[in-house]
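The residues making up each chain are set out below.
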Amino acid sequence: MIANLVQLAAPEKGGNPLVPEGPELLVGTIAFAIVFFFFWKKLLPNINKVLEERRAAIEGGIEEADAMKVEAQSVLEQYKAQLAEARHEAARLRQEAQEQGAALIAEMRAEGQRQREEIVAAGHAQIEADRKVAAATLRQDVGKLATELAGKLVGESLEDHARQSRVIDRFLGELEEKAEATR
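In what follows, the accompanying structure is described. This is a predicted model, so every value here is computed, not measured. (Residues numbered from 1 in each chain as written. Predicted model: local features only at pLDDT ≥ 70, side-chain atom pairs only at ≥ 80, totals over all residues. Heavy atoms only, no water.)

So, on to the overall build of the chain. Looking only at helices and strands, the chain features three helices and zero strands. Along the chain, from the amino end to the carboxyl end, the secondary structure elements read α-α-α. The buried share of the chain, taken over its 183 residues, is 5%. Of the roughly 16,500 Å² of accessible surface on the chain, a fraction of 63% belongs to carbon and sulfur atoms. (Helix = DSSP H or I, 4+ residues; strand = E, 2+ residues; numbered from the N terminus. Buried < 20%, exposed > 50% of the residue type's maximum accessible area, 1.4 Å probe, protein only. Areas by Shrake-Rupley, 256 points an atom, 1.4 Å probe, with all protein chains shown as cover.)

Have a look at this one:
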């Protein structure tokens, strides 16, 4: 009996040690099929799902980064355009203010010139009116004094108004001629 056991436990010497025997090959193939089926049905879909999620996340991150880059570039361009527009507007406002200032200065100068001319004209008119009043008053006073003086010199009264006027006019005319000749 022991000899039978030894014979069963000892491999046959005539077979290839690399090629398994039939029952062993069948049990190995079944075990491999079970492990392969388990991997194929359970483990492989989970691995593929995780890999797909990672790929989608990476691609989504890249796409999001590209979109953000495009948006940032767009915002930068808008900012630059607004900045250029603001600079242009500031230059326009500065030019407008300078033009308005120059126009205001010119207007104020013109107004000052007009007021000066009005004041000078009013002064001339006042002087002319004062001169006429003074001349009329002077005529009366000189006429009165000349009549009194002439009356004292001649020895007769020159109270006649027509005569007074002629004497006064002649006397003042002579004074005016002398004044014009000295000029």
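Having seen the structure, we can now continue with the description.
Where charged atoms from two side chains of opposite charge come close, those side chains can pair. As enumerated under the stated definition, the model contains seven salt bridges in all. Its salt-bridge partner being Arg92, residue Glu96 comes within 2.5 Å of it at the nearest N-O pair. A residue pair is termed a helical-turn pair when its members lie 3 or 4 positions apart in one helix, as Glu96 and Arg92 do in helix 2 (residues 22-154) at four residues. Residue Glu96 is classed as partly exposed on the basis of its relative accessible area of 32%. (Salt bridge = Lys/Arg side-chain N within 4 Å of Asp/Glu carboxyl O.)

Attention now goes to the packing of aromatic side chains. In the structure shown here, the tally under the stated rule is three aromatic pairs. Positioned above the aromatic ring of Trp40, the side-chain terminus of Lys41 is 4.8 Å from the ring centre. (Phe/Tyr/Trp six-rings, centres within 6.5 Å; stacked < 30°, edge-to-face > 60°. Lys NZ or Arg CZ within 6 Å of the ring centre and 35° of its normal.)

This next bit is on a nonpolar patch on the surface. Among the surface-exposed residues, Val35, Phe38, Phe39, Leu43, Ile47 and Leu51 lie close enough to one another that they form a single nonpolar patch of about 540 Å² accessible area. Take Phe38: it is sitting in helix 2. (Patch = residues over 30% accessible without salt bridge, like charges linked within 9 Å, V, L, I, M, F, W, Y side chains within 5 Å.)

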